[in-house]
Amino acid sequence: MTSHKLNIFLEKNLTELKENGLYNEIDTLEGPNGSEITINGKTLINMSSNNYLGFANDSRLKEKANAATDKFGVGAGAVRTINGTQSIHEELEAKIADFKQTEAAVAFQSGFNCNMGAISAVMNKKDAILSDELNHASIIDGCRLSGAKIIRVNHQDMDDLRAKAKEATESGQYEKVMYITDGVFSMDGDVANLPEIVKIAEEFDLITYVDDAHGSGVMGKGAGTVKHFGLQDKIDFQMGTLSKAVGVVGGYVAGTQNLIDWLKVRARPFLFSTSLTPGAAAACIEAIDIMSASTEEHDRLWESGRYLKEGLNKLGFNIGNSQTPITPCIIGDEKLTQIFSKRLTEEGVYAKSIVFPTVPRGTGRVRNMPSAAHTKEQLDQVLATYKKVGLELNVI
């Protein structure tokens, strides 16, 4: 018999979420995650994937994944520190380091694992972490796990960062102080002001940590936000995922050799989780090779982003201040946002609603993720659907 108190807790809180428009229904895809997807037998134009460059179902990546699986097996069979490190893993890490222009890199099983492992491996209860208030949940959890004092910094507020950096470093309370920020903020699409951040970090000797999950493959001709600003030798931690623009699964941290050596002996997800599958590692290598050889997919991504932004803006939607292809349509009210998203789906466009707690209350939005794989015809259909639903629900 299950716990009576647990059942009361679950029923009460699930009901409350549903009544407030905060319960997220999970949809199941019946095929690949591409520019079009199939759900419940219906084909929809997909505007909700992080598959920026269209690599998730790319034949070149699948070929490499299959070949590596034949050679190395379907799984690594152990954690990296016992005998789960195969040559394909070291090849991937060397490829990442070269792409990010750092001395070394380490691959993790996910981007979330990166932040949980890397932050807590370096920071502890004697330290302080300055964290942008809109940082990703994995950053927040990694900071909490470290035990360090967490000091929230107003979003993209360089004056607030300088003041809090000065106070923390001059207080004498902390051995180390880190500033951590997303490179590209996934809900709004704005880009961290890394040049000013670096100036402040150098002034107060801050450790710098950039989570570039949504910048890798998107910014800097693919190499990321740090490369975009030419600051590869100024940022201590370059963290990113292998599951968004790269199209596969996993994450990484790139930095100095000493940093990577330390993470390999102290980052708990690295130490206590089985390695990336060989097939995933090989597919990631192929994606990086493609990005290194040409900016074709990168350029198509930005063209799609510009086209969609211009169209939605002309229609009168509030698309915020995105500086990247990420294109939010900010509705505000959570229930209306859920209804708007549902109507889009009924009309053939899959664009999921994003509501609290992922974004602050009252800022519900439908977030659009145009990709290199979208055609102009698909984007025109998206815009026509947005116009129809927007007028119907009095959003525009």
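Our subject is the structure that appears above.
Please read these numbers as outputs of a predicted model, since none were measured by experiment.

Student: I keep staring at the side chain of Arg367 and nothing clicks. Help me out?
Tutor: With respect to the helices and strands, the residue Arg367 is situated in strand β13 (residues 364-368). At 3.0 Å, the side chain of Arg367 forms a polar contact with the backbone oxygen of Ser186. Apart from residues lying up to four places away in sequence, Arg367 is in contact with Met47, Ser48, Asn50, Ser186, Met187, His214, Ile326, Thr327, Pro328, Lys352 and Ile354.

Student: Explanation requested: a nonpolar patch on the surface in the structure shown.
Tutor: Judged by side-chain polarity, Leu6, Phe9, Leu10, Leu14, Leu17 and Tyr23 come together as a nonpolar surface patch covering roughly 490 Å² of accessible area. Along the polypeptide, Leu10 turns up in helix α1 (residues 4-19). Classification of Leu10 by relative accessible area gives partly exposed; the value is 36%.

Student: I'm lost on the sheet that holds strand β10 (residues 327-332) in this one. Help?
Tutor: Note: strands within a sheet are paired through backbone hydrogen bonds, in either parallel or antiparallel orientation. As summarised here, the arrangement of the 3 strands in space is β10-β13-β12, forming an open sheet in which the pairing is antiparallel. Only two strands of the sheet have a single partner each, and these edge strands are β10 and β12 (353-354). Relative to β13, β12 runs antiparallel, the two being bridged by 2 bridges. Bridge pairing in β13 links Ile354 to Arg365. In the packing of helix α12 (residues 296-315) onto the sheet, the strands contacted are β10 and β13, and the crossing angle to β10 comes to about 30 degrees.

Student: I would appreciate a short explanation of the nonpolar core in the present structure.
Tutor: Nonpolar side chains in soluble globular proteins tend to end up buried together. Core analysis: the biggest nonpolar cluster contains 38 residues, and Tyr52, Leu92 and Leu242 have the highest contact counts within it. When contributions to this core are tallied by element, the ones reaching two or more residues are α2 (59-72), α3 (87-100), β3 (104-108), β9 (251-255), α11 (278-293) and α12. Ala121, Ile129, Ala267 and Phe270 belong to the second largest nonpolar core, which has 26 residues in total.

Student: Which parts of the structure should I look at to understand the sheet that holds strand β7 (residues 207-211)?
Tutor: The sheet built from 7 strands is open, its strands ordered β3-β9-β8-β7-β6-β4-β5 with mixed pairing. Looking along the sheet, the strands with just one partner apiece sit at the ends: β3 and β5 (149-153). Within this sheet the neighbouring strands show an average axis-to-axis angle of 20 degrees, counted without direction. Of the pairings in the sheet, the one linking β7 to strand β8 (residues 237-241) comprises 3 bridges and is parallel in character.

Student: Would you mind going over the packing of aromatic side chains with me for this structure?
Tutor: Aromatic ring pairs are reported here in terms of the distance separating the ring centres and the angle at which the planes meet. Across all of its chains, the model carries 5 aromatic pairs by this definition. Measuring from ring centre to ring centre gives 6.3 Å for Phe108 and Phe270, while their planes differ by 65 degrees; the resulting arrangement is edge-to-face. Note that Phe108 is positioned in strand β3 and Phe270 in helix α10 (residues 268-272), a separation of 162 residues in sequence. Note on accessibility: Phe108 and Phe270 belong to one class, buried. Centroid distance Tyr209 to Phe237: 4.8 Å. Interplanar angle 25 degrees. Geometry classified as stacked. In this pair, Tyr209 is assigned in strand β7 and Phe237 in strand β8, connecting sequence segments 28 residues apart. When sorted by exposure, Tyr209 lands in the same class as Phe237, which is buried. A network of ring pairs unites the aromatic residues Phe317, Phe340 and Tyr386 as a single cluster. Geometry around Tyr23 places Lys18 over its ring, the cationic atom sitting 4.9 Å from the centre.

Student: Where do I start with unusual backbone geometry in this structure?
Tutor: Glycine aside, the phi torsion of most residues is negative, and most peptide linkages are trans. The linkage connecting Phe356 with the following residue, Pro357, adopts the cis geometry, with an omega of 10 degrees. Summarising the element assignment, Pro357 is placed in the loop between β12 and β13. Look at Gln156: it is not a glycine, yet its phi comes out positive at around 55 degrees. Backbone geometry places Lys221, a non-glycine residue, at a positive phi of 55 degrees. Position of Lys221 among the secondary structure elements: in the loop between β7 and α8 (225-228).

Student: What is the right way to read the pairing of strand β6 (residues 177-182) from this model?
Tutor: Two faces make up the sheet, and in a regular strand the side chains alternate between them. Counting buried positions along β6 yields 6 of 6 residues, so the element is predominantly enclosed. Along β6, one buried face is formed by Val177, Tyr179 and Thr181 and the opposite face, lined by Met178, Ile180 and Asp182, is buried too. Here strand β4 (residues 128-132) runs beside β6; their pairing, made up of 4 bridges, is parallel. Bridge pairing links Ala128 to Val177 in β6. Where β6 lies against β7, 5 bridges are found, and the strand directions are parallel. Residue pairing across strands places Tyr179 opposite Thr208, the latter belonging to β7. Remark: the β6/helix α7 (residues 194-204)/β7 crossover connection has right-handed handedness.

Scoring rules and cut-offs
Residues numbered from 1 in each chain as written. Predicted model: local features only at pLDDT ≥ 70, side-chain atom pairs only at ≥ 80, totals over all residues. Heavy atoms only, no water. Helix = DSSP H or I, 4+ residues; strand = E, 2+ residues; numbered from the N terminus. Polar contact = N/O pair within 3.5 Å; in protein donor to acceptor, adjacent residues only side chain to side chain. Contact = heavy atoms within 4.5 Å. Patch = residues over 30% accessible without salt bridge, like charges linked within 9 Å, V, L, I, M, F, W, Y side chains within 5 Å. Areas by Shrake-Rupley, 256 points an atom, 1.4 Å probe, with all protein chains shown as cover. Salt bridge = Lys/Arg side-chain N within 4 Å of Asp/Glu carboxyl O. Buried < 20%, exposed > 50% of the residue type's maximum accessible area, 1.4 Å probe, protein only. Pairing = 2+ DSSP bridges. Axes fitted to C-alpha atoms, helices over the stretch in contact; angles between N-to-C directions. Core = buried A, V, L, I, M, F, W, Y, C linked by side-chain atoms within 4.5 Å. Phe/Tyr/Trp six-rings, centres within 6.5 Å; stacked < 30°, edge-to-face > 60°. Lys NZ or Arg CZ within 6 Å of the ring centre and 35° of its normal. Right-handed = clockwise from strand over helix to strand, strands pointing away.

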